[in-house]
Amino acid sequence: MSGDRALAHVQALVDFGPRPPGSEAIEKSRNYITQQLRQFGWRVERQPFEEETPRGRKRFVNLIATFGGRTAPEFLLCSHYDTKTFDNGAFVGANDGGSSTGLLLELARVFAKEPRLAAKLELVFFDGEEAYERFTDTDGLYGSRYFARQLSGSGGAKRFRGGIVLDMIGDRSLDVTLPSDSPQELAAGIFASADALKLRSFFTYFDGAITDDHTPLNAAGVTTIDLIDFHYDAWHTLDDTMDKLSPESLRVVGAVVSHFLVTKALK
Ligand SMILES: [Zn+2]
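Cut-offs applied
The numbers attached to residues start from 1 for each chain and follow its sequence in the written order. Restriction of local features to residues with pLDDT of at least 70 applies here, the model being predicted, together with a cutoff of 80 or more for giving and counting side-chain atom pairs; totals for whole chains, interfaces and linings are based on all residues. The basis for the side-chain values is all heavy atoms of the structure; hydrogens and waters are excluded. Side-chain atoms within 4.5 Å are what join buried Ala, Val, Leu, Ile, Met, Phe, Trp, Tyr and Cys residues into a set we call a nonpolar core. Buried, partly exposed and exposed residues are distinguished by accessible area as a fraction of the type maximum, computed with a 1.4 Å probe on protein chains only: under 20%, between the cut-offs, and over 50%, respectively. In this description a helix means any DSSP run of H or I spanning at least four residues, a strand means any run of E spanning at least two, and both kinds are numbered starting from the N terminus. Here a residue-residue contact requires only that any non-hydrogen atoms of the pair lie within 4.5 Å. For Na, K and Ca the donor cutoff is 3.2 Å, while for all other metals N, O and S atoms must lie within 2.8 Å; water is not among the atoms, so some sites may look incomplete. Every geometry call rests on angle ranges, with four donors termed tetrahedral when all angles are between 85 and 135 degrees, four termed square planar and six termed octahedral when opposite donors are over 155 degrees apart and all others are between 65 and 115, and everything else termed irregular. Take the number of residues in a helix, subtract one, and multiply by 1.5 Å to get its expected span. A pair of strands counts as paired when DSSP detects no fewer than two bridges linking them. Here the axes come from fitting lines to C-alpha atoms, over the contacting stretch only for helices, and the angles between their N-to-C directions go from 0 to 180 degrees. A pair of Phe, Tyr and Trp rings is counted when the ring centres sit within 6.5 Å of each other, with Trp represented by its six-membered ring. The angle between the planes then sorts it: under 30 degrees is stacked, over 60 is edge-to-face, the rest tilted. Contacts described as polar in this section are N or O atom pairs within 3.5 Å, which, within protein, must combine one atom able to donate a hydrogen with one able to accept it, while residues neighboring in sequence count only if both atoms come from side chains.

Glancing now at the nonpolar core. Formed by 61 residues in total, the largest nonpolar core has its most connected members in L37, W42, L123, I164 and L261. Residue contributions to this core peak at nine residues, all from helix α8 (residues 247-265). If near-sequence neighbours (up to four positions away) are discounted, W42 is found in contact with L37, A65, T66, F67, A108, F111, A112, A118, L121 and L123. Counting residues in hydrophobic clusters, the runner-up holds 14 residues, among them I64, F126, A148 and A220.

Take a look at the structure:
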């Protein structure tokens, strides 16, 4: 698990510029993510859909990656890769949209070396996590709401033992703030892995619940935890740039997630 490799993916995404849904830059991001995953041996499917938004009807595309195929995946590992639409200025979302996507690609590389474990994972890259105005039942979380709906419709939610959503985990000053209503068993598992790796001090609880891509998944019956660092001063500002990130933070979160998956979730 290399923090530098994860950070290089974030840089590649940020270099495409702002990546709001429907933009040319987000299509370049999709091609980049797809090409990297295929190179590591993953199969990638596009899940396109359209949805009404406060800015009119928009087109979104989730990316779903699986490995092997003899066994159905049992655990979801997710990140959103869109960036928030800004009317004034270039918001590149180094931490918000970039960091978790870069880490998910690095985890894809690492798990590809363990095909038996990789086959149990489904990697999902959500489009449209960000709200155009603010998070409501009809604004924001477009990708995860659509994915969860499809899952419920096909009765597929039962297939998954659980899931992890990664979001904003690259801040130099890392404080992974688990939502206060995190599923108990998953939170305990994450804390135990952090403890085992002597990285416990980076993980704490947020003072309240957080609305993110884990919300629709939990509502659909897939018990999912959100690993997010919500103590981030540059959140939703034009200052969310590469200089705020460190490869060490990406490595810390990647190491804890890997340890948790190997010793518990995929066991
Ligand atoms: Zn955001």
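With that settled, consider the coordination of the zinc ion. Distances from the zinc ion to its protein donors, namely D96 (OD), E130 (OE), E130 (OE) and H236 (NE2), fall within the range 1.9 to 2.6 Å. The coordination sphere of the zinc ion comprises four donor atoms, whose angles at the metal cover 54 to 143 degrees; the geometry is irregular. Within one chain, the residues donating to the zinc ion are spaced in sequence as D-x33-E-x105-H. Separated by 34 residues along the polypeptide, D96 in helix α3 (residues 94-111) and E130 in the loop between β4 (121-126) and α5 (142-153) bring together distant segments of the chain. Take D96 and E130: they sit in the same class, and that class is buried.

Turning our eyes to something else, we now look at helix α6 (residues 184-196). Relative to the 18 Å expected for 13 residues at 1.5 Å per residue, α6 spans 18 Å between its end C-alpha atoms, a close match to the ideal helical length. The complete set of buried residues in α6 reads L186, A187, G189, I190, F191, S193 and A194. The secondary structure elements touched by the buried residues of α6 are β3 (75-80), β5 (162-167), β6 (176-178), β7 (203-205), β8 (224-228) and α8. Just past α6, the residue K198 takes up positive phi, approximately 60 degrees.

Turning our eyes to something else, we now look at the sheet that holds β3. Pairing is mixed across the open sheet formed by six strands, whose spatial order is β1-β2-β4-β3-β5-β8. Among the strands making up the open sheet, the edge pair consists of β1 (43-53) and β8. If you compare each strand with its neighbour and ignore which way they point, the axes differ by 20 degrees on average. Note that β5 and β8 share five bridges and pair parallel. The residue of β8 that forms the bridge with G163 is T224. Lying over the sheet, helix α2 (residues 24-39) contacts β1, β2 (56-66) and β4, oriented at roughly 155 degrees with respect to β1. Against the sheet, α8 engages β3, β4, β5 and β8, with an angle of about 160 degrees to β3.

So, about the packing of aromatic side chains. How two aromatic rings sit relative to each other is given by the distance of their centres and the angle of their planes. Enumeration over the complete set of coordinates arrives at twelve aromatic pairs. On the numbers, 6.4 Å between centres and 65 degrees between planes, the contact of F75 with F260 is edge-to-face. In this pair, F75 is assigned in strand β3 and F260 in helix α8, connecting sequence segments 185 residues apart. Grouping residues by exposure puts F75 and F260 together as buried. Residues F191 and Y205 carry aromatic rings whose centres are separated by 5.4 Å and whose planes lie at 70 degrees to one another, so their mutual orientation is edge-to-face.

Take the environment of S154 next. As for its placement among the helices and strands, S154 is situated in the loop between α5 and β5. Here the alpha-carbon distance between S154 and E129, two residues 25 residues apart in the chain, equals 22 Å. Separated by 3.2 Å, the side chain of S154 and the backbone oxygen of L151 make a polar contact.

What follows covers unusual backbone geometry. Most peptide bonds take the trans configuration, and most residues that are not glycine carry a negative phi. The backbone phi angle of M168 is positive, close to 55 degrees, even though this residue is not glycine. A residue is classified by how much of its surface remains accessible, and M168, at 1% relative accessible area, is buried. In this structure, H236 takes a positive phi of about 55 degrees despite not being glycine. With respect to the helices and strands, the residue H236 is situated in the loop between β8 and α8.

Interpretation in functional terms is not warranted from these geometric data alone.
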